[in-house]
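# Examining the three-dimensional arrangement
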Amino acid sequence: MANQIDDSRPIFVQIAERIEDDIIGGGLPEETQVPSTNQFAAFYGINPATAAKGVNMLVDEQILYKKRGIGMFVAAGAKEKLMDKRKEQFYEQYVVTMIREAEKLGITAEQLTEMIHKRG
């Protein structure tokens, strides 16, 4: 994880996304322990409550789970859940936007497909 925070977005969301990235990328396999909120806070120079908010977002989504007295762990099936979530976000943020713009420009589905396959 790069240790820089983007001031334009909530820090707790960025913490959650960085954990997600590590899970998807294989850096945090299922059933492994994630760093503590105090470790995140020290690493990023943020308040532990802010780090906890990001971690708890992932607990609420059942990506992480708590082992009382031990810490937070990556849940079984977390990577697949995150991949599905990210694919849906990708579709909404990029594909739908691209199709709308293509329609405005009079680009046909066939032309769009050709452009995608071209990839420069």
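Residues numbered from 1 in each chain as written. Predicted model: local features only at pLDDT ≥ 70, side-chain atom pairs only at ≥ 80, totals over all residues. Heavy atoms only, no water.

In the nomenclature of an unreviewed UniProt entry, the protein is known as DNA-binding transcriptional regulator YhcF (GntR family) of Paenibacillus taihuensis.

## Things to note about the UniProt feature "domain: HTH gntR-type" (unreviewed entry) in the protein
Counted only if it meets this: UniProt positions are given in the numbering used here, feature names are shortened, and annotations may be inferred rather than shown by experiment. Strands here are runs of E lasting at least two residues and helices are runs of H or I lasting at least four, both read from the DSSP assignment and numbered beginning at the N terminus.
With numbering matched to this structure, UniProt assigns "domain: HTH gntR-type" (unreviewed entry) to residues 9–77. For residues 9–77, helix accounts for 51% and strand for 12%, while the C-alpha atoms at its two ends are 28 Å apart.

## Some words on helix α4 (residues 78–105)
Selection rule: Each helix should span, by expectation, one fewer than its residue count multiplied by 1.5 Å. Two axes enter the bend calculation: one fitted to the seven residues ending at the residue in question, the other to the seven starting there, and the bend is the angle between them. Exposure classes here rest on a 1.4 Å probe applied to the protein chains alone. A residue is buried below 20% of its type maximum, exposed above 50%, and partly exposed in between. Every residue pair with non-hydrogen atoms within 4.5 Å of one another is taken to be in contact.
The terminal C-alpha atoms of α4, which comprises 28 residues, lie 40 Å apart, in line with the 40 Å expected from a rise of 1.5 Å per residue. Maximum bend of α4: about 35°, positioned at tyrosine 91. All of the buried residues in α4 are Ala78, Leu82, Val96 and Ala102. Tucked into the core, α4 has its buried residues touching α1 (11–24), β2 (71–74) and α5 (109–118). With its phi angle positive at about 75°, glycine 106 sits one or two positions after the end of α4.

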